[in-house]
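Coordinate inspection notes
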2 protein chains.
Amino acid sequence: MKIPEVRKNINGMSGYVPGEQPKGLSRIIKLNTNENPYPPSPEAKKALENFDWQRLNRYPDPVGQALREEIAAYHGVSPDMIICANGSDDILTIVSRCFIDPDHALACPDPTYSLYVSLASLQDAPCIRIPLLDGFELPDDFEEQAKGASIIMLARPNAPTGNLYPMERMERLCENFDGAVFIDEAYADFSENNCAEFVKKYPNVIISRTFSKSRSLAGLRFGYAIAQPELIAQLMKAKDSYNISMLTQAVALAVFRDHDYLAKTVQAVKDSREALAKGLQEAGFKTVPSETNFVFAMPPDGDGERFFRFLRTKNIIVRYFPGAVTGKYVRITVGLPEEMDALFDAVKEYLA
Amino acid sequence: MKIPEVRKNINGMSGYVPGEQPKGLSRIIKLNTNENPYPPSPEAKKALENFDWQRLNRYPDPVGQALREEIAAYHGVSPDMIICANGSDDILTIVSRCFIDPDHALACPDPTYSLYVSLASLQDAPCIRIPLLDGFELPDDFEEQAKGASIIMLARPNAPTGNLYPMERMERLCENFDGAVFIDEAYADFSENNCAEFVKKYPNVIISRTFSKSRSLAGLRFGYAIAQPELIAQLMKAKDSYNISMLTQAVALAVFRDHDYLAKTVQAVKDSREALAKGLQEAGFKTVPSETNFVFAMPPDGDGERFFRFLRTKNIIVRYFPGAVTGKYVRITVGLPEEMDALFDAVKEYLA
């Protein structure tokens, strides 16, 4: 007997490959998956200490109502405009299942978060990849090129490039596009502005946020989306019933309330980001203006892969994306100041 | 402007409705979602106490390798025959995305876990529902009726009925069916036998297990599936990259190792189950022989809904499934001995 046949789209795809998660972290400087180098708010510790482990025998709140209320108040919307999920990857899965299939295409910029393309494959949906201009800006005719797609997925700030499309351009896009616009704001806490207010004005907009970056909780798995209530009600149908564990809900709620800690760590990361970009520029690297917790940088030799491999020999892991444009760069996550020092030592050695 | 259109199958579906999760649990006897009335192993407490909250800033192991190894050893298979997930609902989502779509049907018994039908709707796939015989047994021509489907999904023991299809019948089904056979063993720890060994013999079989029932960890969200390595490799493509939180992985691993505690609580639940079934029978109820932690019972008046509503007035919540056959019954989760006493007081009052 043989293995049963899976759907052709599944069989034909290679699957999204996340950044390497090495086991022995102690000797390795990990700057490859845009984790926050700082620990989460100490409220996480308290939440775990106060958690009654005995009640784990019960199912969690299916919708995370306490979180919905807290998050809604923060954004000035109603709780029925919030959907909570097991990381923003779960949000992306839910949204793609609601909008795309063989007859309903996804459109996204290129380059961007490569998971969007994998999601299209999983849904066996066409994926319209629209090249960004020099400087990784949206072309003027982006909406024109996306025409016919059911949904546009884009990251703002963009990954892996780090730049922020102008607000006016985003408004125009949401106004002009005759379908859903999913704005992935995974890095928005590190940027000078964001599009969260759009959901009040544009019924076709879905904003997503994650606790994996600015809130230092990649290990916890929590993300949410904001949209009009009717749209949230549709998304709710496509989520697993109990998609967020009780522990995740408890820790996420406690950490979300600690706005001071968020502001402090975000500022520290932004300061390090500026120092990282400046240092790289002084060493002859070309850097893309970053509004995130990483810097997309081209070494002077324009050979991203060579630089990536060199850093690997120094136990420094950054992210390299093969491709005609992206292959010239590496994406470097902002680490602790001492990790940045080690990186600059390696840069000096690379250039010598 | 209006809300953008979601796919027709999403718009047309009502979504799976999980059992009620009332907020104020204190005054309510909750016997409606087959949770274990006992707390999880105290190893859960230790795992939480020993967990280094500061490392939550990092992503979790994408595949839960430590769990795969421990679970594989327990089942006598290799770790590449295990996939870990955010509850067995996540396993079901992954499997349905790999196997079903408008051209690839799902087949399942009727009645069974109603989520299977919702999964078919989510994938816009045909769903062949095959009526069970009296006593909720599989008809002899089940495979014949399922012919053409890409996958059969069934629960063994079945939910909400609680009965266990004979082993020989299961073997015959796996041998005869020319597609995948998904055997949902959510309740297998409460039964006299299970089909886990099938994966060594039948390359078309996928077995799933959950920690939500026998291990008292519904709030944690952990489940896994066992199948041949080539099949697991396909399923891996359809899961979210980081589908299981670090906390869930830590607690699940610690609890899984406590085999004594599992044996002890499972025995307590089975003893209470037998007492529950016997008591109901003595009161004139018809009960389906249960190999789970619940009893599917028909009150003497054959009116499941009336009995369900009566219990609700006594602050006892059980599960009622409308339908020509299921509507005659209610599904009662095995609770603590004192909860069973309260139930029997209510039964007496109902019959008076």
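Attention here is on the structure that accompanies the text.

The rules behind the values
Residue positions are given per chain, counting from 1 as you read along its sequence in written order. Labels are handed out in written order, letters beginning with A for the chains and numbers beginning with 1 for the ligands. Since the coordinates come from a predicted model, pLDDT governs what is reported: local features require at least 70, and pairs of side-chain atoms require 80 or more to be given and counted, while whole-chain, interface and lining totals use all residues. Side-chain metrics in this entry use all non-hydrogen atoms of the structure; hydrogen atoms and water are not considered. It only takes one pair of heavy atoms within 4.5 Å for two residues to be counted as in contact. Joining two parts hides part of their accessible area as seen by a 1.4 Å probe, and the buried area is that hidden amount summed over both. Whenever Lys or Arg places a side-chain nitrogen within 4 Å of a carboxyl oxygen from Asp or Glu, that contact is recorded as a salt bridge. Secondary structure elements are taken from DSSP: a helix is a run of H or I of four residues or more, a strand is a run of E of two residues or more, and numbering for both begins at the N terminus. Classification used: nonpolar for Ala, Val, Leu, Ile, Met, Phe, Trp, Tyr, Cys and Pro, charged for Asp, Glu, Lys and Arg, polar for all others including Gly. Residues reaching a pLDDT of at least 70 in both copies supply the C-alpha atoms on which the copies are superposed by least squares. Take the residue count of a helix, subtract one, and multiply by 1.5 Å to get its expected span. Exposed residues in this analysis have more than 50% of their type's maximum accessible area, buried residues have under 20%, and partly exposed residues fall in between, with area computed by a 1.4 Å probe over protein chains only. In this description, the arc belongs to the directions extending from the helix axis to the C-beta atoms.

1. Regarding the interface of chain A and chain B
The interface is formed by 86 residues belonging to chain A together with 86 residues belonging to chain B. Surface buried jointly by chain A and chain B totals about 7200 Å² across both partners, of which 59% is contributed by carbon and sulfur atoms. Of all residues in chain A, the largest losses of buried area upon contact with chain B belong to Trp53, Tyr59 and Arg97 of chain A, amounting jointly to 11% of the total for that side. Connecting chain A to chain B are 4 salt bridges. For glutamate 35 of chain A, the salt bridge is made with arginine 58 of chain B, and the minimal N-O distance between the two is 2.8 Å. If you tally residues by element for the side of chain A that touches chain B, the top one is helix 4 (residues 88-99) of chain A, at 7 residues. Residues belonging to the side of chain A that touches chain B are distributed by class as follows: 40 nonpolar, 26 polar and 20 charged.

2. Remarks on the relation of the copies chain A and chain B
Once chain A has been moved 0.0 Å along the axis and rotated by 180°, it coincides with chain B to within an RMSD of 0.0 Å. Here the transformation between the copies is reduced to the relation of a two-fold axis.

3. Brief notes about helix 13 (residues 337-351) of chain B
Residue and element names in this part refer to chain B. The terminal C-alpha atoms of helix 13 lie 21 Å apart, and with 15 residues this matches the ideal 21 Å at 1.5 Å per residue to within 8%. Along helix 13, the residues that are buried comprise Glu339, Met340, Leu343, Ala346, Val347 and Tyr350. Axial view of helix 13: buried residues confined to an arc of 115°, hence all on one face. Of the exposed residues in helix 13, those oriented more than 90 degrees away from the buried face are Glu338, Asp341 and Lys348. Packing partners of the buried residues in helix 13 comprise strand 1 (29-30), helix 11 (259-282), helix 12 (304-313), strand 11 (316-317) and strand 12 (330-333).

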